[in-house]
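Architecture at a glance
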Amino acid sequence: MKRVLVIQLARFGDLIQTKRTMSSLAAEPCEVHLAADHALAGLARRLYPYASVHGVAAHGLPDPGGADAASAIIKNARVFAELAALSFDEVYCLNFSGLSLAMTTAFDPDSVRGYKLVSGQIHKDPWARLAFRWAKKRRLAGLNLTDFWAALAPSRVPPESVNPKASPRGGGVGVALAGRNARRALPPEVLASIVQTVFASGKAQRLVLLGAKGQEGLARDLSRRLKPGIMEKTSNLCGRTSLDALCDEVSNLDLLLTPDTGVMHLAAHFGVPVTAFFLSSAWCHETGPYGEGHVVWQSVVESAPCLESAPCPDGLRCLESFASPAFLPVLAGARGKEPPPGLAGFRTDFDALGVVCRPFAGTDPVMGRRLAFRAFAARRLGLEIADGPAATPDLAATLDLETDWTLDQARRPDPFETV
Amino acid sequence: MTNMPHLRILVVLPMYGGSLPIGRYCASALRSLGHAVEVFEAPDFHPAFTALRTLRVTSDRLEFLENSFLQVVSSAIAAKVETFEPDLVLALAQAPLSRQTLKRLRRDGVATAMWFVEDFRLFTYWEAFAPYYDVFAVIQKAPFLDRLAGIGAANSLYLPLAADPAFHKPLELSPVERRKYGSDLSFLGAGYANRRLAFRRLLDFDFKIWGSDWDGDEALARWVQHGGRRIAPEEAVKIFNASAVNLNLHSSVDPATLVTGGDFVNPRTFELAMCGAFQLVDERALLPELFGPDELATFKDMDELVEKIRHFLANPGEREAFAKKARQRALAEHGYEARMRALLDFTALRLDGWPKPRQNAGALAVLPEEIRQETAALLASLSLPQDVSFDDLVWALRSRQGVLRPLETAILFLDEWRGQYAGKGPSA
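Below, the structure is looked at part by part. Bear in mind the structure is a predicted one, so any value in this text is a computation, not a measurement.

Take the layout of surface pockets next. All names here are of chain B. Volume-wise, the second largest pocket comes out at about 1,700 Å³. Along the wall of the second largest pocket there are 49 residues; nearest its centre are G17, G18, A190, P267 and R268. Those elements that place two or more of their residues in the lining of the second largest pocket are α1 (19–32), α9 (233–242) and α10 (267–275). Within the lining of the second largest pocket, the residues separate by chemical class into 22 nonpolar, 15 polar and twelve charged.

Set out below in structure tokens:
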């Protein structure tokens, strides 16, 4: 049996979004190994019980400037030695990060897919190179990261088989607070009204606040803004759950309200319905919840999605529609109501490429362009989207370069092979 | 100058030609001196360049294409500079660095040096390029140095050629190799006009001519070995070692003067001396300051050459004495390490603020205590000094071919991790 390694050293959410890649490789069948950050190794074993998980000290070390941290990093040499001894047939490096690239140097360059560092030169395979080009036109593109990574595998399991269909589990409504990027999350004063509206319109008897230790203050702020009747039913678990306990909690929820977070992907993994609020740099067509039946309220103002690292060019206009009173009846499911301008509701579904966000409320100003892109991306993978737009030379001309035409064929067995 | 810090040096090789091996010797010497060296392998681009010449297009189109291609290669060098961030770019004659790139490097404060290991009277292109280099090293003195100063190349220095003692050395040859490469008299070099005529007087000896560009000369054809193919440097050392008398006649395109008495001293002079091989070399204006009369046997005209060949063939002891002294002098003064040290000292003397100080911690200080011993062994295996900076160690590891060992991968991983978490940007 082929032995493969997936290098996924990024965070919580990315680890979960690797699921279709992992499932596809396991279905080949392959003996699948996964290199993940040491702090997430336990979660990785729970997510992927069929895989051998190797913890690598990559993030979250105390006192990064100190000698102990450097020592911990160098001790990774043992893990690298163990992995090298396994002689993998294929190594999938999923992230274009310095740490992941450095790790690829421990393996035969010919065996590495995705990204690799060879004699000091970084190489991307053609699919990844294409992704870097479409990432410059994020608003017009749109391929879920889970499906992007899975496309590196020789074949892919059907997208429907990745996560269970969303259905309530009886454990109440969860609220995931913030995420790593505060601008992508709704502030407590906006979130409070939304939480109350959703909670009041359903039958749940329990509200659970979820987040890391750093979000405890945010949770207290939110709690103070909730009506007393709801506050009584609220449990604040911020900073009080291990990853295992978080999994247990999330897996039993009826619904999760969340910005673009790792907890959102965890809920989707368990088939727990998600209602997500995407603004700022978050774009549901890239990192929305994976599976059927989730809802995303996505800001579609012209500046969305923006660049996380750059100051907002638009005075946080994308937040306005979430704060608008006109949004709450729509959220409560009132008939005949439309969301405020700049906001659109999407429901997750599937096409041949993978998960797709289909608009059900408001106006999606770039749907036509995005569907054309998905059809283009599908064709690149040898797939056809039913009723998808025909070939679009104009779009292809912006994404394919002369060097692709003359040097590369994306569908080769070995995408790095040039002759 | 003493205490030259460990530098980062990018050596830019020419695409082909006689200065190509010299560039490699320079890189090797700089590494031996403890510097982090990166080599731009211009020869890898040469096949594509030559392919343009088979296009059968109009000459103006070909010129345009060749220029465009060279701009791409030159841009590749610029990209390498941006990534490697060298203290010095050392180019060998005919290195594919365009003036546009040289201007850009100067604007960006990157020091450049050219070792022009050519005869300035023959290769006159220096006029167009010398002012763009910060340091211009040459193998001739007057009037070349004055002419360089006249066109604005203020930092020019005389830097004679040399040999690599690790490569040019006495060899124990097998009887088969002695038969193959040996003869009473040999010459290794290209078929320049003066040599073609001069060698006709030597055909009574047991004479072998090695090297290329001898075609079309019926009179010498019988003596030219292997059909006049190019001789690899490894083979050259065997020929030097196997020959009783190595003839070293400097080239000239002028057939009127067979023994020119010119100024510069060719690389073969140093290589033969370093090999401990006996040579008869024509008198050169710059030779006496490099080798004494008891170290190298010389001739000033063809009559003297013929006479001395006979004499030394009959006196092997004298040959041995010359060869031994020449090797001692070469080992003491004429290695590429000495040349590179002189070039760097000159550069430091002439360029204000060069080299710019770097805030790099030593590798041994950055890496954890428990792997000190393993790291020391790693540095030795990479031919890096024990006080090499962490950044230069990372660079050396990145440049390695193939699969890295676990500790090596872990060091690259640590470098990236420091960039992400410890406020140290990853090494370029």
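This part is about the environment of A372 of chain A. All names here are of chain A. Within the secondary structure, A372 sits in helix α17 (residues 367–380). Among the residues examined, A372 registers a relative accessible area of 12% and is labelled buried. The spatial distance from the C-alpha of A372 to the C-alpha of H294 is 23 Å, given a sequence separation of 78 residues. Beyond its immediate sequence surroundings of up to four residues, A372 is in contact with P389, T392 and L395.

Moving on, we come to the pattern of salt bridges. Residues and elements named next belong to chain B. Inspection of every chain in the model, using the stated rule, returns 43 salt bridges over all chains. Salt-bridge contacts for R106 lead to D134; the nearest nitrogen and oxygen are separated by 3.2 Å. Placement of R106 in helix α4 (residues 99–107) and of D134 in the loop between α5 (126–129) and β5 (135–138) is noted, with a sequence separation of 28 residues between them. Judged by its relative accessible area of 16%, D134 falls in the buried class.

A cis geometry characterises the amide bond from A142 of chain B onward to P143 of chain B, with omega recorded as 0°. On the secondary structure map, P143 of chain B appears in the loop between β5 and α6 (144–150). At the junction of W354 of chain B and P355 of chain B, the peptide bond is cis and its omega measures out at -5° in the coordinates. Note that P355 of chain B resides in the loop between α13 (336–350) and α14 (363–366). For D63 of chain A, which is not glycine, the phi torsion reads 50° and is therefore positive. Of note, D63 of chain A is situated in the loop between β3 (52–56) and α4 (67–74). At S280 of chain A, a residue that is not glycine, the phi angle is positive and equals roughly 55°. With respect to the helices and strands, S280 of chain A occurs in the loop between β11 (274–278) and α14 (284–287).

If you look at the biggest cluster of nonpolar residues, it comprises 120 residues, and the most contacted ones within it are W127 and W134 of chain A together with L393, I411 and F413 of chain B. For L393 of chain B, the residues in contact, after removing those within four places along its chain, are A363, L367, L378, L379, L382, L384, V388 and I411 of chain B. Counting 82 residues, the second largest nonpolar core, distinct from the first, contains I22, L97, L105 and A163 of chain B.

What follows deals with the packing of aromatic side chains. Here the structure, examined in full by the defined rule, presents 38 aromatic pairs over all chains. Three or more aromatic residues link up through ring pairs in this structure, and these residues are F116, F120, W126, Y133, F136 and F144 of chain B. Stacked on the ring of F132 of chain A, the Lys or Arg K124 of chain A has its end atom at 3.9 Å from the ring centre. Positioned above the aromatic ring of F360 of chain A, the side-chain terminus of R347 of chain A is 4.2 Å from the ring centre.

This part takes up empty space enclosed by the protein. The final tally for this structure, using the stated rule, is six cavities of 30 Å³ or more. Considering only enclosed or pocket space, the largest cavity measures out at about 90 Å³ in volume. Lining the largest cavity are 16 residues, with T105, L117, V118 and S119 of chain A together with G402 of chain B positioned closest to its centre. Mapped by element, the contributors of at least two residues to the lining of the largest cavity are β5 (112–118) of chain A together with α16 (390–398) of chain B. Counting residues per element, the lining of the largest cavity draws most heavily on β5 of chain A, which supplies four residues. Taken together, A176, L177, A178, A185, L186, L191, L218, L257, T258, P259 and F277 of chain A make up the full set of residues lining the second largest cavity. Split by residue class, the lining of the second largest cavity holds ten nonpolar, one polar and no charged.

Where nonpolar side chains cluster on the molecular surface, the patch consists of L55, V57, F64 and L65 of chain B and spans about 340 Å² of accessible area. Inspection of the secondary structure assignment puts L65 of chain B in helix α3 (residues 59–84).

What follows covers the interface of chain B and chain A. Across the boundary between the two partners, chain B contributes 25 residues, which contact 31 residues of chain A. In this assembly, chain B packs against chain A so that about 2,200 Å² is buried in total across both faces, 72% of it on carbon and sulfur atoms. Sorting the residues of chain B by area buried against chain A places F413, W417 and Y421 of chain B first, and these three jointly supply 33% of that buried surface. Taken together, the connections running from chain B to chain A amount to zero salt bridges. Remark: the boundary between chain B and chain A carries nine residue pairs in polar contact (both at pLDDT 80 or more). Tallying contributions element by element places helix α17 (residues 406–421) of chain B first for the side of chain B that touches chain A, with twelve residues. Residues of the side of chain B that touches chain A, tallied by class, amount to 16 nonpolar, five polar and four charged.

Calculation criteria
- Residues numbered from 1 in each chain as written.
- Chains lettered and ligands numbered in written order.
- Predicted model: local features only at pLDDT ≥ 70, side-chain atom pairs only at ≥ 80, totals over all residues.
- Heavy atoms only, no water.
- 1 Å grid on protein atoms, 1.4 Å probe; cavity = no way out; pocket = protein on both sides within 12 Å on 5 of 7 lines; lining within 4 Å.
- Points joined across faces, edges and corners; volume = space filled by probe spheres on them.
- Helix = DSSP H or I, 4+ residues; strand = E, 2+ residues; numbered from the N terminus.
- Nonpolar A, V, L, I, M, F, W, Y, C, P; charged D, E, K, R; others polar.
- Buried < 20%, exposed > 50% of the residue type's maximum accessible area, 1.4 Å probe, protein only.
- Contact = heavy atoms within 4.5 Å.
- Salt bridge = Lys/Arg side-chain N within 4 Å of Asp/Glu carboxyl O.
- Core = buried A, V, L, I, M, F, W, Y, C linked by side-chain atoms within 4.5 Å.
- Phe/Tyr/Trp six-rings, centres within 6.5 Å; stacked < 30°, edge-to-face > 60°.
- Lys NZ or Arg CZ within 6 Å of the ring centre and 35° of its normal.
- Patch = residues over 30% accessible without salt bridge, like charges linked within 9 Å, V, L, I, M, F, W, Y side chains within 5 Å.
- Areas by Shrake-Rupley, 256 points an atom, 1.4 Å probe, with all protein chains shown as cover.
- Buried area = accessible area lost by both parts, 1.4 Å probe.
- Polar contact = N/O pair within 3.5 Å; in protein donor to acceptor, adjacent residues only side chain to side chain.

Everything listed is a geometric property; what it means functionally is a separate question.
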